[in-house]
Amino acid sequence: MSNQHDPNTLPPKTCSVDRMVTVKEDVEKVLAGKKTATRRNGRYADVGEIMTLEGQDFVVDKVYSQSLGELTDDHARQEGFESLEDYKQSILSMHPGMPWLPQMRVWVHEFSAVKK
């Protein structure tokens, strides 16, 4: 039986889990429990992988593709922002010249703290 139509079959990673959250402000939001997901233009982790930030481990719970047009304020709050507009402005300030196109797809990586 072929699994090419299985939604759980993800394409190869384009980067590594240790590069998933690198911006100092984002690291602080994750450590404070205010950021529980990160969206990247590539796939940085597999479900079950561990990301370690300042000695604290976080496990990747979900990885899926999403279009920018699907984003809501709730998604922005996962990212540690008050609103979708705040999140959008932050992304555009980090990527000058990048268009915000509703059909553009990103990889969502949801994670949670590993209890010691």
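Definitions and limits used
- Residues numbered from 1 in each chain as written.
- Predicted model: local features only at pLDDT ≥ 70, side-chain atom pairs only at ≥ 80, totals over all residues.
- Heavy atoms only, no water.
- Salt bridge = Lys/Arg side-chain N within 4 Å of Asp/Glu carboxyl O.
- Helix = DSSP H or I, 4+ residues; strand = E, 2+ residues; numbered from the N terminus.
- Buried < 20%, exposed > 50% of the residue type's maximum accessible area, 1.4 Å probe, protein only.
- UniProt positions renumbered as here; feature names shortened; annotations may be inferred.
- Pairing = 2+ DSSP bridges.
- Axes fitted to C-alpha atoms, helices over the stretch in contact; angles between N-to-C directions.
- Contact = heavy atoms within 4.5 Å.
- Phe/Tyr/Trp six-rings, centres within 6.5 Å; stacked < 30°, edge-to-face > 60°.
- Lys NZ or Arg CZ within 6 Å of the ring centre and 35° of its normal.

Named according to an unreviewed UniProt entry, the chain is ASCH domain-containing protein originating from Cytobacillus firmus.

Participant: How should the pattern of salt bridges be read in this particular structure?
Facilitator: Pairs may arise between side chains of opposite charge once their charged atoms sit close together. Under the defined criterion, the tally for this structure stands at eight salt bridges. Two residues, Glu-79 and Lys-35, come together in a salt bridge whose shortest N-O distance is 2.4 Å. Within this pair, whereas Glu-79 is found in the loop between helix 2 (73-78) and helix 3 (84-94), its partner Lys-35 is found in the loop between helix 1 (24-31) and strand 1 (37-40), the two being separated by 44 residues in sequence. By relative accessible area, Glu-79 is classed as buried at 2%.

Participant: What exactly am I supposed to notice about the UniProt feature "domain: ASCH" (unreviewed entry) in the chain here?
Facilitator: Mapped onto the present numbering, the UniProt feature "domain: ASCH" (unreviewed entry) falls on residues 20-115. Helix makes up 26% of residues 20-115 and strand 30%, and the two end C-alpha atoms of the span are 20 Å apart.

Participant: What should I look at first to understand the sheet that holds strand 4 (residues 105-113) in this one?
Facilitator: Pairing between sheet strands relies on hydrogen bonds along the backbone, with the strands arranged either parallel or antiparallel. The strand order 1-4-3-2 describes an open sheet built from four strands, whose pairing is antiparallel. For this open sheet the edge positions go to strand 1 and strand 2 (50-53), each flanked by a neighbour on one side alone. The average angle at which neighbouring strand axes cross in this sheet is 35°, direction not considered. Two strands pair when backbone bridges link them, and strand 1 and strand 4 are joined in this way by four bridges, in the antiparallel orientation. Paired with Ala-37 across the bridge in strand 4 is Glu-110. Across the sheet, helix 1 is in contact with strand 2, strand 3 (56-67) and strand 4; its angle to strand 2 comes to roughly 105°.

Participant: How should I be thinking about the packing of aromatic side chains in this particular structure?
Facilitator: The relation between two aromatic rings is expressed through the spacing of the ring centres and the mutual angle of the planes. By the definition in use, this model includes three aromatic pairs. Centroid distance Tyr-87 to Trp-100: 6.3 Å. Interplanar angle 80°. Geometry classified as edge-to-face. Here the residue Tyr-87 occupies a position in helix 3, and Trp-100 occupies one in the loop between helix 3 and strand 4, the gap between them amounting to 13 residues. The burial state of Tyr-87 is the same as that of Trp-100; both residues are buried. Put simply, the rings of Phe-81, Tyr-87 and Trp-100 pair up and form one aromatic cluster. A cation over a ring is seen here: Lys-29 above Phe-81, with NZ or CZ 3.6 Å from the ring centre.

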